[in-house]
Amino acid sequence: MNITTVGIDLAKNVFQVHGVDARAKVVLRRQLRREQVALYFVNLPPCLIGMEACASAHHWAVRLSASGTRYG
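Residues numbered from 1 in each chain as written. Predicted model: local features only at pLDDT ≥ 70, side-chain atom pairs only at ≥ 80, totals over all residues. Heavy atoms only, no water.

Asks: Give a description of the packing of helix α1 (residues 34-42) against helix α2 (residues 57-65) that names residues and reports values.
Replies: Interaxial distance between α1 and α2 falls to 9 Å at its minimum, and their mutual angle equals 35°. Residues Arg34, Val37, Ala38 and Phe41 of α1 touch α2, and the partners they reach there are Trp60, Arg63 and Leu64. For the contact of α1 with α2, the residue count by class is 5 nonpolar, no polar and 2 charged. (Axes fitted to C-alpha atoms, helices over the stretch in contact; angles between N-to-C directions. Helix = DSSP H or I, 4+ residues; strand = E, 2+ residues; numbered from the N terminus. Contact = heavy atoms within 4.5 Å. Nonpolar A, V, L, I, M, F, W, Y, C, P; charged D, E, K, R; others polar.)

Right, dumping it as structure tokens:
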């Protein structure tokens with residue numbers, strides 16, 4: 001599974017994660033609970049992550065950037 005871009009819908013408890021490869025083919029659809037998010041992204045190869053602008057977006061950008069991801 002070669003994920004290049006991930007979209008994440010931030011929420012209070014359950015986050016929706018959607019990943020695509022270089023050809024924009026869906027290779028990942030997953031629901032993650034808040035406590036699973038950071039651990040899940042540590043195990044993914046570095047990729048571009050897009051997320052909505054909301055109150056918790058900065059918090060998650062800092063947490064996930066430690067795993068080598070970049071944001072667009």
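Asks: Describe in detail the pairing of strand β3 (residues 26-33), supporting the description with residues and values.
Replies: Looking at chain direction, strand β2 (residues 14-20) and β3 are connected through 7 bridges and run antiparallel. Its bridge partner being in β3, Phe15 is matched across the sheet by Leu32. In this antiparallel pair of consecutive strands, β2 and β3, the connection spans 5 residues, and Ala24 shows a positive phi of 65°. (Pairing = 2+ DSSP bridges.)

Asks: Requested: an account of unusual backbone geometry, with residues and values cited.
Replies: The phi dihedral of Ala24 falls on the positive side, at around 65°, and the residue is not glycine. As for its position among the elements, Ala24 is in the loop between β2 and β3.

As far as function goes, none of this settles anything; it's purely spatial.
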